[in-house]
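# Coordinate inspection notes
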Amino acid sequence: MSTTLLSNRSTSPFFKRPLLATMMTALVAAISVTGCSSPESDASESADATATNQTANESANVANNDAVSAEKITVNTVKGDVELAMSPSPLVVYDMTLMQDLAALDVAVDGMPGSLLLDNLHSKTQPEPKAVGTVFEPDLEALNAMQPQAILVGSRMAEKYNELSNIAPTLDMSIDTANIYESSKQRLHDLGALFGKSDQAARLQQNIDTLIDETKGVTKDKGTGLVVMVNGNKMSAYGDKSRYGFIHTVLDVPMADKQIADAPHGQPVSFEYIKKANPDWLFVIDRSAAIGEDGIGAKAVLDNPLVAQTNAWSKQQVVYLSPDSYLAFGGYYQWMQDLTTIKDAFANAK
């Protein structure tokens, strides 16, 4: 409510008159005004004054509310606790796992890397996000133009943390691959809290947990498993501490080889190794297909006389995991897709 100050009265000269006449005139006027006043008019004036004061107080309250900063939240990240305003916008995200969770939460992302291959990385109800670089290299010019209120990163962009922190509050929310279930569960919870969608995050986690229980019901006592990534003509095996370790630690599929080295890119293996390990189930990631490279596919590479001698190949117990398992491991849609694929494969096993 705006307040207008009354201007001073006119300063033009008044007509002179005898002093006594002037005093008598003022006295009569005062008596006249007093005589015209009534209890009703006094009450009316008092009410008007009260209403005016209330309006002024309300206006002051509105102004005070506007001045209060947005509610803040503290998020535990790889780099420690970060305090920032809830529901930050504009929002930039460089990690596909986080993008999947935010898409499932229906949280709008304003900026993300361009040319991403997955189609479940942002809410369908929001405008197309602006390109702000790649998953490995930010476009600093685009970021500065956008002036984001928060930047979320994961493992692939984590090394740029300090650089990005100079632009906006940056949260390193990388998934712990050695404990992918608990880590991804915590990240989904944190995102729900950050964007005021804790109830929705809990429902999404329940979807994952229900599917895990259903999948464990059919994988129980069905033999050993081996996770292999095929990258062109190269192969690597992954153990229980890798990003694919959930197959063993969450779904309780025993490892065909308990001595697999813990390495970020897996343990290099050969056809002879796969034959010797002789898994009952072979879980395959086709890296070339996941990143859009042309060339021979994983199925053709594994169609080898040595692999053919394994229980997995001879019984047609080969499970091809989604591209999400490589690009967005631990994301909501990755969990839902791969768990469904594994559950159906075991349920249909002869």
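As shown above, the structure is provided for reference.
Notes on the structure in this doc start here. (Residues numbered from 1 in each chain as written. Predicted model: local features only at pLDDT ≥ 70, side-chain atom pairs only at ≥ 80, totals over all residues. Heavy atoms only, no water.)

## Looking at helix 3 (residues 96-104)
Applicable threshold: Per-residue accessibility, obtained with a 1.4 Å probe over protein chains only, is compared with the maximum for each type, and a residue is labelled buried under 20%, exposed over 50%, and partly exposed between these values. Helix and strand definitions follow DSSP, with helices as H or I runs of at least four residues and strands as E runs of at least two, each counted in order from the N terminus.
Helix 3 sits mainly inside the fold: nine of its nine residues count as buried. When we look at burial in helix 3, the residues that qualify are Met-96, Thr-97, Leu-98, Met-99, Gln-100, Asp-101, Leu-102, Ala-103 and Ala-104. Where helix 3 terminates, the next one or two residues include Asp-106, which has phi positive at roughly 60°.

## Focus on helix 14 (residues 332-347)
Think of an α-helix as 3.6 residues a turn; residues three or four steps apart then line up on the same face. Convention followed: A helix is expected to span 1.5 Å for every residue after the first. As used here, the arc is the angular range of directions from the helix axis to the C-beta atoms.
Taking 1.5 Å per residue as the helical rise, helix 14 with its 16 residues ought to reach 22 Å, and the 22 Å between its terminal C-alpha atoms agrees with that figure. Within the span of helix 14, buried status applies to Tyr-332, Gln-334, Trp-335, Asp-338, Leu-339, Ile-342 and Phe-346. Down the axis of helix 14, the sector holding all buried residues measures 155°, keeping them to one side.

## Topic: the packing of aromatic side chains
What counts here: Pairs were defined over the aromatic rings of Phe, Tyr and Trp, the Trp ring being its six-membered one, requiring ring centres within 6.5 Å. Orientation was assigned from the angle between planes: stacked under 30 degrees, edge-to-face over 60, tilted for the rest. Only when the NZ of Lys or the CZ of Arg is both within 6 Å of the ring centre and within 35 degrees of the ring normal is a charge said to sit over the ring.
Applying the stated criterion across every chain yields a total of six aromatic pairs. Considering the side-chain rings of Tyr-181 and Trp-335, the 6.2 Å spacing of their centres and the 80° angle between planes classify their relative orientation as edge-to-face. Linking Tyr-181 in helix 6 (residues 180-194) with Trp-335 in helix 14, this pair joins segments that are 154 residues apart in sequence. Relative accessible area serves as the criterion here: at 16%, Tyr-181 is assigned to the buried category. Look at Phe-246 and Trp-335: their rings are 5.2 Å apart centre to centre, the planes differ by 65°, and that puts the pair in the edge-to-face class. Of this pair, Phe-246 sits in helix 8 (residues 246-249) while Trp-335 is found in helix 14, placing the two residues 89 residues apart along the sequence. Residue Trp-335 is classed as buried on the basis of its relative accessible area of 1%. Joined through ring pairs, the aromatic side chains of Tyr-181, Phe-246 and Trp-335 make up one cluster. If you follow Lys-79 out to its NZ or CZ, it ends over the ring of Tyr-161, 5.3 Å from the centre. The lysine or arginine in question, Arg-156, covers the ring of Tyr-326, its NZ or CZ lying 5.7 Å from the ring centre.

## Examining empty space enclosed by the protein
Which entries qualify depends on this criterion: Residues are called lining when one of their atoms sits within 4 Å of a cavity or pocket point, these points coming from a 1 Å grid over the protein atoms alone, where a cavity is a set in which a 1.4 Å probe fits but cannot get out and a pocket is an open set with protein on both sides within 12 Å along at least five of seven lines. Grid points are joined across faces, edges and corners, and a volume is the space filled by probe spheres set on the points. Throughout this entry, Asp, Glu, Lys and Arg are counted as charged residues, while Ala, Val, Leu, Ile, Met, Phe, Trp, Tyr, Cys and Pro are counted as nonpolar. The remaining residues, Gly among them, count as polar.
In total, this model carries one cavity of 30 Å³ or more according to the counting rule given. Approximately 40 Å³ is the volume found for the largest cavity. In terms of lining residues, the largest cavity is bounded by Asp-95, Thr-97, Ser-155, Met-173, Ser-174, Ile-175 and Phe-329. Class assignment of the residues belonging to the lining of the largest cavity gives a composition of three nonpolar, three polar and one charged.

## Concerning the pattern of salt bridges
Counted only if it meets this: Just to be clear on terms, a salt bridge is a Lys or Arg side-chain nitrogen sitting within 4 Å of an Asp or Glu carboxyl oxygen.
On inspection of all chains with the given rule, the structure shows five salt bridges. One salt bridge connects Asp-252 with Lys-216, and the closest N-O pair in it is separated by 3.6 Å. Remark: Lys-216 occurs in helix 7 (residues 198-219) and Asp-252 occurs in the loop between helix 8 and strand 10 (267-268); sequence separation between them is 36 residues. Between Asp-240 and Lys-241 there is a salt bridge, and its shortest N-O distance comes to 4.0 Å.

## What to know about the layout of surface pockets
Estimated volume of the largest pocket: approximately 720 Å³. If you trace the largest pocket, you find 31 residues lining it, with Phe-136, Arg-156, Arg-243, Arg-287 and Tyr-326 closest to the centre. Taken together, the elements giving at least two residues each to the lining of the largest pocket come down to strand 8 (225-231), strand 9 (234-238), helix 10 (287-290) and helix 13 (324-327). The dominant element in the lining of the largest pocket, judged by the number of residues it contributes, is strand 9, at four residues. Within the lining of the largest pocket, the residues separate by chemical class into 16 nonpolar, nine polar and six charged.

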